[in-house]
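Fold and contact review
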Amino acid sequence: KSRVIRPAVDPEEFQPANHPRQKQFIIITTGSIIWRKGYEYALMALRMLVDEGVDTVFHIIGEGQERERIMFTVEDLGLQDRVILHGRCSPGEVCCQLQEADVFLLSSFSEGISNATLEAMSCGLPVVTTDCGGMREAVTDGVEGYVVPVRDPEAMAGMLSQLARHADLGRRMGMNARKRVLKDFALDDQVYQFIELFTITGMDDQ
């Protein structure tokens, strides 16, 4: 007597934008700045990408107790001009930032299915995610993006480099990501599933 109801986002609120790709390759992530998000590995991957000659910038949206340590890591890696820490942002501001980006990066050690990732996918972004928790339920490796091992900055950098150097690949994966949200993670569908569950449960109780 169990039923799976997945997390969901509103695809009407989080929509792709029609901006032309900018000169810089823009990586974005959103979430609390806490240890399990693995930001230090994301920053190591960014350093490798820059060393390859990719003109890139990394936007981090969120706040948390690890902020100071992440700032030290940014400085240690010489990435002060490549990382922007936005702090907390409103949902509208998050959506605007996602629409300006080229790829969403999830470097976590532990997740369920990340709502932040679903919001990015709904905005038409390809995803590079670690293979943690339930992320393979949302991202199929090579379809909506890439799934890489946890704590592996080399693998992260390799997949980000692919997307940086092949814009058409990123656009195709981003379209797949949007379709996946509409198919499996749309808010209206989740609401109907809860209504159906409560209706059935109520009938069983009678």
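Treat the numbers as computed from the prediction; the structure is a model and nothing was measured.

1. Focus on helix H2 (residues 67-76)
Turning to H2, its buried residues number three or more, namely Ile-70, Thr-73 and Val-74. One side of H2 holds all its buried residues, which, seen down the axis, span an arc of 100°. Counted as exposed and oriented over 90 degrees from the buried face of H2: Glu-68, Glu-75 and Asp-76. Buried residues along H2 sit in contact with helix H1 (39-51) and strand S3 (83-87). Where H2 ends, the next residue or the one after it, Gly-78, has phi of about 65°, a positive value.

2. A look at the sheet that holds strand S4 (residues 103-106)
Strand order in the open sheet formed by six strands is S3-S2-S1-S4-S5-S6, and the pairing between neighbours is parallel. Edge strands, defined here as strands with exactly one partner in the open sheet, are S3 and strand S6 (145-148). Strand after strand, the sheet turns through a mean of 20° between neighbouring axes, direction not considered. Of the pairings in the sheet, the one linking strand S5 (residues 127-130) to S6 comprises four bridges and is parallel in character. Within S6, the residue paired with Thr-130 across the bridge is Val-148. Strands strand S1 (25-30), strand S2 (56-61), S3 and S4 of the sheet are contacted by H1, whose axis makes an angle of about 165° with S2.

3. Considerations on the packing of aromatic side chains
Applying the stated criterion across every chain, the model contains two aromatic pairs. Here the aromatic rings of Trp-35 and Phe-109 are separated by 5.7 Å at their centres, their planes lie at 45°, and the arrangement is tilted. A residue pair is termed long-range when its members are at least 10 positions apart, and Trp-35 in the loop between S1 and H1 and Phe-109 in the loop between S4 and helix H4 (115-122) qualify at 74 residues. Judged by relative accessible area, Phe-109 falls into the buried class, the value being 15%. What links up through ring pairs into an aromatic cluster is the set Trp-35, Tyr-41 and Phe-109. The ring of Phe-109 has Arg-151 lying over it, and the distance from NZ or CZ to the ring centre is 4.0 Å.

4. Description of the state of the cysteines
Across all of its chains, the model carries zero disulfides by this definition. Of all cysteine sulfurs in the structure, the one in Cys-95 sits closest to Cys-96, which takes part in no disulfide; the separation is 5.9 Å. In this model Cys-123 remains outside any disulfide bridge; the closest cysteine sulfur is found in Cys-95, 4.2 Å from its own. Judged by its relative accessible area of 4%, Cys-123 falls in the buried class.

5. Re the pairing of S2
Burial analysis of S2 places six of its six residues in the buried class, which makes it a mostly covered element. Burial of the side chains of S2 extends over both faces: Thr-56, Phe-58 and Ile-60 are buried on one face and Val-57, His-59 and Ile-61 on the other. The pairing of S2 with S3 spans four bridges and is classified as parallel. Residue His-59 lies in a different strand from S3, and its bridge partner there is Ile-84.

Thresholds applied
- Numbering of residues starts from 1 in every chain and runs along the sequence as written.
- pLDDT decides what is reported in this predicted model: residues at 70 or higher carry local features, side-chain atom pairs at 80 or more are listed and counted, and totals for whole chains, interfaces and linings draw on all residues regardless.
- In computing side-chain values, all of the structure's heavy atoms are included and hydrogens and water are not.
- Partly exposed residues are those whose accessible area sits between 20% and 50% of the maximum for their type, while under 20% is buried and over 50% is exposed, using a 1.4 Å probe and protein chains only.
- Segments assigned H or I by DSSP are reported as helices when at least four residues long, segments assigned E as strands when at least two residues long, and all are numbered from the N terminus.
- Directions are taken from the helix axis to each C-beta atom, and the arc is the one they span.
- Throughout, a contact is declared for two residues whenever any of their heavy atoms are within 4.5 Å.
- In short, DSSP must find at least two bridges between two strands for them to pair.
- Note on method: axes are straight lines fitted to C-alpha atoms, helices fitted across the in-contact stretch only, with angles between N-to-C directions ranging 0 to 180 degrees.
- Working definition: a ring pair exists when centres of Phe, Tyr or Trp rings (six-membered ring for Trp) sit within 6.5 Å. Plane angles under 30 degrees give stacked, over 60 give edge-to-face, the rest tilted.
- Two thresholds decide whether a charge sits over a ring: the Lys NZ or Arg CZ must be within 6 Å of the ring centre and within 35 degrees of the ring normal.
- Note on terminology: pairs of cysteine sulfur atoms within 2.5 Å are recorded as disulfides.

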